[in-house]
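Report on the structure
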Amino acid sequence: MAAHPARGRSGGRPTLEEVAARAGVGRGTVSRVINGSPRVSEATRTAVEAAVAELGYVPNTAARALAANRTDAIALVVPEPETRFFAEPYFSDVLRGVGAELSETEMQLLLIFAGSDQRRQRLAQYLAAHRVDGVLLVSVHADDPLPDLLSQLEIPAVISGRRSADEPLPSVDSDNFAGACSAVEHLLSRGRTSIATITGRLDVYGAQRRLDGYRAALRDAGRPVDERMIVPGDFTEEGGRRAMRELLETRPGLDAVFAGSDVMAAGARQALREAGRRIPDDVALVGFDDSAIARHMDPPLTSVRQPIEEMGRAMIDLLLAEIADSRPFAARRLERRQLVLPTRLVERASS
């Protein structure tokens, strides 16, 4: 015979208080477990989940959201055009990590593009109505007003990639500086003597840090930094192709290139082939991200791996902790968490 859920003391639907009593914890702890807060020990979570199963407790999502002024929704905001979002593996990897971590909660995820002034204005109105409990921001430029707007509205937010060293929002980033250093050190160890770099947009702090790492690695090796060997790109394939063509015109003797993303490295590879340069015989090539592009390139691309999917998971953990934090917003701002995850060079045939 199939087992039936236990009834509450009143003979009706089990309550949150009865789950708490069965698990031997407080009502607030049960609420945190049900809402997917990371601020609960594994033993406590197991006890609460067992009590929920034994009693057959079903959360009243609508009532809980109204009582807590909650929407049970999180927005992933991308201040870029859709074309870039779908062209770059970085974004899909972040989304995969976010979705995987969020699947263990009852929260819904909204994907919002804000790549134009008109869309930013609409987004500002949407956020001002407090239609989401929190916001994840990816690919934010230094002058983007969205992070400051979120702070003004006191909406919990986590940013992927700091805007500066003094980022006030909780953030998750990879070690862009160390990753770039490892790329250049690798090229130097292969006997390359004329190493150029194609940077991302320098209004993105991560791109600045990769350029800083390139310069530092050369200086540490006693090599001069030739500013003519530094050409800005824009994280796109066409930007990489254009920058590589410029480098071949101005510095034709170069024998290695560090591109600030795999997508730009793919564009650089096309320009090198058009110019009759062999990879790696004539010019070694290294990218950044270690995306599927790197693995499928011909020859396969040496690249700096940043743990993008893990970054997406960490963003959700931080955001849920922010949402669950009942302290005043001003008090929470004093304890902003900045997570920096390590990078790793993955060597392949291109270098």
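Residues numbered from 1 in each chain as written. Predicted model: local features only at pLDDT ≥ 70, side-chain atom pairs only at ≥ 80, totals over all residues. Heavy atoms only, no water.

Relative to the helices and strands, Val231 resides in strand 7 (residues 230-232). Overall, the relative accessible area of 3% leaves Val231 in the buried class. Taking the C-alpha atoms as reference points, Val231 and Gly200, separated by 31 residues in sequence, lie 9.1 Å from one another. (Helix = DSSP H or I, 4+ residues; strand = E, 2+ residues; numbered from the N terminus. Buried < 20%, exposed > 50% of the residue type's maximum accessible area, 1.4 Å probe, protein only.)

The next subject is the sheet that holds strand 11 (residues 338-341). Across a sheet, strands are paired by hydrogen bonds formed along the backbone, either parallel or antiparallel in direction. The sheet built from six strands is open, its strands ordered 2-1-3-4-5-11 with parallel pairing. The open sheet is flanked by strand 2 (108-113) and strand 11, the only strands paired with a single partner. The mean inter-strand angle of the sheet, taken between neighbouring strand axes irrespective of direction, is 20°. With four bridges joining them, strand 1 (residues 73-78) and strand 3 (residues 134-138) adopt parallel strand pairing. Directly across from Val77, in strand 3, lies its bridge partner Leu137. Packed onto the sheet, helix 6 (residues 89-102) meets strand 1, strand 2, strand 3 and strand 4 (157-160) and runs at close to 160° relative to strand 2. (Pairing = 2+ DSSP bridges. Axes fitted to C-alpha atoms, helices over the stretch in contact; angles between N-to-C directions. Contact = heavy atoms within 4.5 Å.)

Inspection of every chain in the model, using the stated rule, returns six aromatic pairs. Centre to centre, the rings of Phe85 and Phe86 are 5.1 Å apart; their planes meet at 85°, and the pair counts as edge-to-face. Seen in terms of ring centroids, Phe258 and Phe288 are 6.4 Å apart; in terms of plane orientation they differ by 55°. Their pairing is tilted. Of the two residues, Phe258 sits in strand 8 (residues 256-259) while Phe288 sits in strand 9 (residues 284-289), which places them 30 residues apart along the sequence. The burial state of Phe258 is the same as that of Phe288; both residues are buried. An aromatic cluster is built from Phe85, Phe86, Tyr90, Phe91 and Phe113, whose rings are joined through pairwise contacts. Positioned over the ring face of Phe288 is Arg210, at 3.8 Å from the centre of the ring. (Phe/Tyr/Trp six-rings, centres within 6.5 Å; stacked < 30°, edge-to-face > 60°. Lys NZ or Arg CZ within 6 Å of the ring centre and 35° of its normal.)

Looking now at the packing of helix 6 against helix 14 (residues 308-324). At their nearest, the axes of helix 6 and helix 14 sit 7 Å apart, and the two run at 45° to each other. Classified by the angle between their axes, helix 6 and helix 14 sit oblique to one another. Between helix 6 and helix 14 lies a crossing of right-handed hand. Residues Tyr90, Asp93, Val94, Arg96, Gly97, Val98, Ala100, Glu101 and Leu102 of helix 6 form the contact with helix 14, whose participating residues are Ile308, Glu309, Met311, Gly312, Arg313, Ile316 and Asp317. A per-class count over the contact of helix 6 with helix 14 returns eight nonpolar, two polar and six charged. (Parallel < 35°, antiparallel > 145°, perpendicular 65-115°, else oblique. Left-handed = near helix turned anticlockwise from the far one by under 90°. Nonpolar A, V, L, I, M, F, W, Y, C, P; charged D, E, K, R; others polar.)

With omega at 5°, the peptide bond leading from Ile279 into Pro280 counts as cis. On the secondary structure map, Pro280 appears in the loop between helix 12 (262-274) and strand 9. Here the amide bond leading from Asp298 into Pro299 is cis, since omega sits at -5°, within 30 degrees of zero. Along the chain, the position of Pro299 falls in the loop between helix 13 (292-296) and strand 10 (302-305). In this structure, Ser139 takes a positive phi of about 60° despite not being glycine. Take Ser139: it is sitting in the loop between strand 3 and helix 8 (146-153). Judged by relative accessible area, which is 12%, Ser139 ranks as buried.

Each domain of the protein was delimited in the assignment, giving domain 1 (11-59), domain 2 (73-173 + 310-341) and domain 3 (176-305). The C-alpha centroid of domain 3 is placed 29 Å from the C-alpha centroid of domain 2. Taken together, the contact pairs 11 residues of domain 2 with 10 residues of domain 3. Of the roughly 1,000 Å² buried between domain 2 and domain 3 on both sides combined, carbon and sulfur atoms contribute 52%. Applying the counting criterion to the domain 2 and domain 3 interface returns one salt bridge. Where domain 2 meets domain 3, there are four residue pairs in polar contact (both at pLDDT 80 or more). Grouping the constituent residues of the side of domain 2 that touches domain 3 by class yields three nonpolar, two polar and six charged. (Domains from an automatic or database assignment. Buried area = accessible area lost by both parts, 1.4 Å probe. Salt bridge = Lys/Arg side-chain N within 4 Å of Asp/Glu carboxyl O. Polar contact = N/O pair within 3.5 Å; in protein donor to acceptor, adjacent residues only side chain to side chain.)

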